[in-house]
Amino acid sequence: MFEQSEKLLERARKTIPGGVNSPVRAFTSVGGSPPFIESARGAHVTDADGNSYIDFVLTWGPAIVGHAHPRVVEACQQAMARGSSFGAPTQLEIELAEEIVDRAPGADVVRLVCSGTEACMTAIRVARGATGRDKIIKFEGCYHGHSDSFLIAAGSGATTLGVPDSPGVTKGTAQDTLLARFNDIDSVRELLDHNTAEVAAVILEPVCGNTGCLPPQNDFLKKLRQLCDDRSVVLIFDEVMTGFRVSHGGAAERFGVTPDLYTFGKVVGGGFPLAAYAGKEELMRHVSPDGPVYQAGTLSGNPIAVTAGIETLKLLTPEVYDDLEATGNRLEEGIKSIIRDSSYPLSTHRVGSMFSLFFTPDAPVDHDDVKACDIERFNQFFHALLRRGVYLAPSQFEAGFLSTAHDDALIDEVLDKISQALAQVF
Ligand code: KE4
């Protein structure tokens, strides 16, 4: 079933770390070797052995209108014929910036970059530059890309400083990152009390997507907003995953809480290397050349990527979000029905068109809960589904995504395969 992919992996390992250009693709956590994908269209991807899969990874979120949407392909082909990059301002960048400002509550100014990592790295630089403070608070289980300030593990005590979570990250960097617990407002307040006036920003995924899909609970975002206001701390929503996915205006619109700064990625680039940071005028005017906070990029605002982003957002009308909500609900209700009928120790979370099936009976509230899942059984389930032609994210700690190409028939087919795969592993 995977002969060609296995050969390609062996060859790839010779010249690329782990044979992949991003670690999660290597299937390290689920075991086995990854299918090498050759093409994708709509809700399906096809690998080097000709196996076709219903795709719930959607290149980790961007393919919300399905892979290779004809409107996006056509627009990018035309843009390519006009030249791929100019290193100069273009009207297209204004159009995308205006669309982001129009959608994201409280966003006045936008800077386009090439990756979510770049967006998040710069957003905290803006907060630090604007406040003159060094420390940031992030949350265990939230991922904001691979810049040093975010590759940090929790210190020994609840209020101790962070420690490096990767070789190459310095202790000095780690000490400026504090770790709180998602959905636990007291853990944030405690860090702020112990680090009075040193904290520039709190950054979080408003809906976690990097420890499975974990929604905010008990008005967590509203309480966080109030706490940041009370302490004059910048609140940053990392909406690289949720932005323009969980609603027309992202999580900020869905949950009615406006951050001071945003980061966007994935959907906003329509599958091309494009991301953005954005936010309030008084903060974003600190960014060079308006202000002294430096950030730059050769391919920032690249016309092909911007074209893909614009075309994707044009397709994402309010009605389309209603359709995505209905598709997500169909999948969620189907999974809940399987859990009810089988009594398997499973639970699920969904926010809009992102979801997770957790191998624990009580729906997780935070990262610790997800770490307590039956990971081994998830891994068996993952492979049982893959062999049935359903491609979930290869980790219990990732979220699944739906697109406009996932119609009811596909959802019903997948629910049947989920039932079969669960029966195989329990
Ligand atoms: P990139 O640098 O990978 O474009 O974005 C980093 C990032 C920032 N913020 C959030 C909320 C994110 O989810 C991400 C990247 N997400 C992962 C998937 N969990 C990308 C997949 C990968 O690392 O290969």
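Calculation rules
Residues numbered from 1 in each chain as written. Predicted model: local features only at pLDDT ≥ 70, side-chain atom pairs only at ≥ 80, totals over all residues. Heavy atoms only, no water. Helix = DSSP H or I, 4+ residues; strand = E, 2+ residues; numbered from the N terminus. Rg over C-alpha atoms; globule rule 2.2 N^0.38 Å. Buried < 20%, exposed > 50% of the residue type's maximum accessible area, 1.4 Å probe, protein only. Contact = heavy atoms within 4.5 Å. Areas by Shrake-Rupley, 256 points an atom, 1.4 Å probe, with all protein chains shown as cover. Lys, Arg positive; Asp, Glu negative; His and termini not counted. Charge placed at Lys NZ, Arg CZ, Asp CG, Glu CD. Near = heavy atom within 4 Å. Polar contact = N/O pair within 3.5 Å; in protein donor to acceptor, adjacent residues only side chain to side chain. Nonpolar A, V, L, I, M, F, W, Y, C, P; charged D, E, K, R; others polar. Pairing = 2+ DSSP bridges. Axes fitted to C-alpha atoms, helices over the stretch in contact; angles between N-to-C directions. Parallel < 35°, antiparallel > 145°, perpendicular 65-115°, else oblique. Left-handed = near helix turned anticlockwise from the far one by under 90°. Disulfide = S-S within 2.5 Å.

Draft legend 1. Broad picture of the overall build of the chain. Each helix and strand in the chain was counted, giving 14 helices and 16 strands. In terms of overall size, the chain behaves like a compact globule, its C-alpha atoms giving a radius of gyration of 21 Å where 426 residues would be expected to give roughly 22 Å. Expressed as lengths along the three principal axes of its C-alpha atoms, the size of the chain is roughly 55 × 55 × 45 Å. A buried classification covers 56% of the 426 residues belonging to the chain. Long-range pairs, those at least 24 residues apart, make up 72% of the contacts in the chain between residues at least 6 apart in sequence. When the accessible surface of the chain is summed, it comes to about 17400 Å², and 50% of that surface belongs to carbon and sulfur atoms. One finds the centroid of the 37 positive side-chain charges in the chain at a distance of 3 Å from the centroid of its 56 negative side-chain charges.

Draft legend 2. Main features of the site of the ligand. Around the ligand there are 16 residues in total, and Ser22, Thr117, Asn210, Asp238 and Glu398 lie nearest to it. One nitrogen or oxygen atom from the side chain of serine 22 is found 2.6 Å from an oxygen atom belonging to the ligand. In this structure, lysine 266 approaches the ligand through a side-chain N or O atom, which is 3.1 Å from a nitrogen atom. Surface burial for the ligand is 85%, taken as the share of its 540 Å² of free accessible area covered by protein chains. When its residues are assigned to classes, the shell around the ligand shows five nonpolar, seven polar and four charged.

Draft legend 3. Local environment of the sheet that holds strand S10 (residues 234–239). Strand order across the open sheet formed by seven strands is S4-S12-S11-S10-S9-S5-S8, with mixed pairing between neighbours. Here the strands that pair on one side only, and so sit at the sheet edges, are strand S4 (109–113) and strand S8 (177–180). Neighbour-to-neighbour, the strand axes of this sheet turn through a mean angle of 20°, independent of strand direction. Of the strand pairs in this sheet, strand S9 (residues 199–204) and S10 are connected by four bridges, and their pairing is parallel. Pairing of isoleucine 203 across the sheet is with isoleucine 236, part of S10. Strands strand S5 (135–139), S9 and S10 of the sheet are contacted by helix H7 (residues 220–231), whose axis makes an angle of about 170° with S9.

Draft legend 4. How the structure looks around the environment of alanine 252. With respect to the secondary-structure elements, alanine 252 resides in helix H8 (residues 250–255). Between the alpha carbons of alanine 252 and proline 105 there is a distance of 6.7 Å; along the sequence they are 147 residues apart.

Draft legend 5. A look at unusual backbone geometry. Put simply, serine 288 and proline 289 share a cis peptide bond, and its omega is 5°. Note on placement: proline 289 falls in the loop between helix H9 (281–284) and helix H10 (303–315).

Draft legend 6. Broad picture of the pairing of strand S13 (residues 347–351). Most of S13 sits out of view: five of its five residues are buried. Relative to strand S14 (residues 354–358), S13 runs antiparallel, the two being bridged by five bridges. Among the inter-strand pairings, serine 347 is bridged to a residue of S14, identified as phenylalanine 358. The antiparallel hairpin formed by S13 and S14 contains two residues in its connecting segment, where glycine 352 sits at a positive phi of about 65°.

Draft legend 7. The arrangement of the packing of helix H11 (residues 318–342) against helix H14 (residues 408–425) in detail. Running from amino to carboxyl end, H11 crosses H14 at an angle of 25°, the nearest separation of the two axes being 10 Å. Considering their axes alone, H11 and H14 lie roughly parallel with respect to each other. Once H11 is placed against H14, the crossing between them reads as right-handed. Between H11, through Thr327, Arg330, Leu331, Gly334, Ile335 and Ile338, and H14, the contact on the second element is made entirely by Asp408, Ile411, Asp412, Leu415, Ile418, Ser419 and Leu422.

Draft legend 8. Seen up close, the state of the cysteines. Counted according to the given criterion, the structure contains zero disulfides. Cysteine cysteine 114 remains unbridged, with the sulfur of cysteine 120 as its closest cysteine sulfur at 14 Å. Owing to a relative accessible area of 23%, cysteine 114 belongs among the partly exposed residues under this scheme. Cysteine 208 supplies the cysteine sulfur nearest to cysteine 213, a cysteine that is in no disulfide, at a spacing of 8.7 Å. Relative accessible area serves as the criterion here: at 0%, cysteine 213 is assigned to the buried category.

Draft legend 9. Local environment of the sheet that holds strand S16 (residues 400–401). Across the sheet, which stays open at both edges, the three strands sit in the order S13-S14-S16 with antiparallel pairing between neighbours. Strands at the two margins of the open sheet, each flanked by one partner only, are S13 and S16. As defined by bridge partners, S14 adjoins S16 across two bridges and the pair is classed as antiparallel. Among the inter-strand pairings, methionine 354 is bridged to a residue of S16, identified as phenylalanine 401. Across the sheet, H11 lies against S13 and S14, angled at about 170° from S13, the strand it touches most.

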